[in-house]
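What follows is each chain in one-letter form.
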Amino acid sequence: MTIENELIRLSVDDFPPRNKPLIAKYLRSFAFPVLSKLSPFNISKTGSYLEGNKNSILQKYGADAEKDITSVLTKLNTLRKEILSNAPFRELISDNVDVQIWNKLLEDYSDEDGKRPTWMFTNWLYCECYIHRRLFEAFETSIYLKTYDPFYEQKMKGLVSCEDAMKILGQFLINYFNKSEVEIKNLREDLPKIIKCALWGNRCDLSQTGGDAIAQTESPLKLVDSLQDLMLVDESSKAVDFLCNSLSITNDDKILDIILDNAGYELFTDLCLADYLVTYKFVNIVRFHGKAIPWFVSDVTNQDFITTIDYIANKSTCEGLKELGKRWESYMKSGQWKFECEQFWTLPFHFGQIKLLDIELYNKLSQSLLIISKGDLNYRKLVGDVFWEPTVPFSQAVGNFKPSKLIALRTLKSDITCGLPEGLAESISKNDPDWLKIGKYAVIHVDGI
Ligand SMILES: O=P(O)(O)OC[C@H]1O[C@](O)(CO)[C@@H](O)[C@@H]1O
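Model, not experiment: these values are computed from the prediction.

Quick word on unusual backbone geometry
In this structure, Lys 281 is a non-glycine residue whose phi angle is positive, near 65°. Within the fold, Lys 281 resides in the loop between helix 12 (265–279) and strand 3 (285–289). The phi angle at Phe 296 is positive, at roughly 45°, despite the residue not being glycine. As for its position among the elements, Phe 296 is in the loop between strand 3 and helix 13 (302–315). The class of Phe 296 is buried, set by 22 C-beta atoms lying within 10 Å.

Here it is in structure tokens:
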């Protein structure tokens, strides 16, 4: 029996039970193919990338780094095998500050006899986060490649490959920003478009393609109109009303927190939205929350954030984009924009646990006028990674994560849904069986607004 068949043998040919956190053992849940196919594929691709870049790595770090490359490849291979044979989880072994938390959690998940959990039968959110944490461990336990991000180059390639779309959105914004006066009715009309550009930016996610760039070539603004029918829930008008009302608040500490997702084109659209909101004084301060370690292939790290702004400001081929990038550089310099990467975002917990596990972060988010959560994984974490009945209201699914007003911008790439009108899930799935998994559909949900 091949090891992949071993996972099929252990699986249950059914959908996962409703209103419970996902587990990969259910063959008809998206978690099963992600565990058995996509994750091993992403791990192999990371190894191939490393092998393909051996010469440049040796040039940068010296000949001794070859041993590191070999040891990372062995660790990646081991991880892949562990997944495909449903081996028990092991403790993390690096000296990073988060290791204690991970190992304590593993202890909690183990049974009374100390028997460790396995991939097919454990909370899927934990499993998937553990995969990405182990990927990083392979690097951080080396000598020269401790901080090496094997996805960095692909993330930047993803950004550059979308330059045509970025030019259109960038030029639109620059023309806007250069007008001496903009009327509130124009803001009301255009803000939903900018929000939706950031929403659809979430389609460009390298974790689905093993790091291959997804080029975004169409006009993002036209795309927003043409994709409107694929929006299953669109509460953007509530978000816009709320933001327009905030214009009458004149204090200068109106904070927007954006819980970021992917680097590349998606980050560009997030920065555009933040610039729009700051320029017209909907908010004064923007805190971007990214990841402290490489995460789910394309999530934004500090390095991605800085090099993206630098690329737009200094290396892009269009004057409009450069002008935009210079504005972003000045926001960063003045402290009006901040990049933060709290540890919580790379732990395997859902957002309902922040209050209990990281009260400092919860209190920080409570200072916020508005929180924007981007993407599919953040959405899963928002709603507890629970396989809700699709009609369960979003605000109920979010549970006790209520530090402030919330907007979730998400294209659907996993089978977690909630807040859908009665019968919608059933009717789409009849004509479009993969509707939940390919980033084709989207939702904008709000909570507390
Ligand atoms: O980048 P996003 O939008 O968070 O999408 C990541 C999604 O991709 C997967 O990693 C694989 O499909 C999901 O598990 C995850 O929710």
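Quick notes on the environment of Glu 140
On the secondary structure map, Glu 140 appears in helix 6 (residues 124–140). The exposure class assigned to Glu 140 is buried, which follows from the 20 C-beta atoms found within 10 Å. Between the C-alpha atoms of Glu 140 and Asp 95, which are 45 residues apart in sequence, the distance is 8.9 Å. In this structure Glu 140 touches Ser 94, Asn 96 and Lys 146, once residues within four positions along its chain are discounted.

Quick look at the domain arrangement of the protein chain
Here the protein chain is partitioned into domain 1 (3–141) and domain 2 (151–447). One C-alpha centre belongs to domain 1, the other to domain 2; they are set 27 Å apart. Contacts between the two partners involve 24 residues from domain 1, matched on the other side by 23 residues from domain 2. Elements with a minimum of two residues in the side of domain 1 that touches domain 2: helix 2 (31–52), helix 5 (99–109) and helix 6. It is helix 6 that contributes the most residues to the side of domain 1 that touches domain 2, seven residues altogether.

What about the sheet that holds strand 5 (residues 370–374)?
Strand order in the open sheet formed by seven strands is 1-7-6-5-2-3-4, and the pairing between neighbours is mixed. Looking at which strands have only one partner, the edges of the open sheet turn out to be strand 1 (231–234) and strand 4 (337–340). The sheet shows a mean angle of 15° between the axes of neighbouring strands, taken without regard to direction. Two elements, strand 2 (residues 255–259) and strand 3, share five bridges in a ladder whose sense is parallel. Within strand 3, the position partnered with Ile 258 by the bridge is Phe 288.

Overview of the environment of Pro 348
Tracing the backbone shows Pro 348 in the loop between strand 4 and helix 15 (354–357). The exposure class assigned to Pro 348 is buried, which follows from the 20 C-beta atoms found within 10 Å. Along the primary structure Pro 348 and Asn 123 are separated by 225 residues, whereas in three dimensions their C-alpha atoms are 9.7 Å apart.

Parameters at a glance
- Residues numbered from 1 in each chain as written.
- Predicted model: local features only at pLDDT ≥ 70, side-chain atom pairs only at ≥ 80, totals over all residues.
- Helix = DSSP H or I, 4+ residues; strand = E, 2+ residues; numbered from the N terminus.
- Buried ≥ 20, exposed ≤ 12 C-beta atoms within 10 Å, placed from the backbone.
- Contact = placed C-beta atoms within 7 Å.
- Domains from an automatic or database assignment.
- Pairing = 2+ DSSP bridges.
- Axes fitted to C-alpha atoms, helices over the stretch in contact; angles between N-to-C directions.

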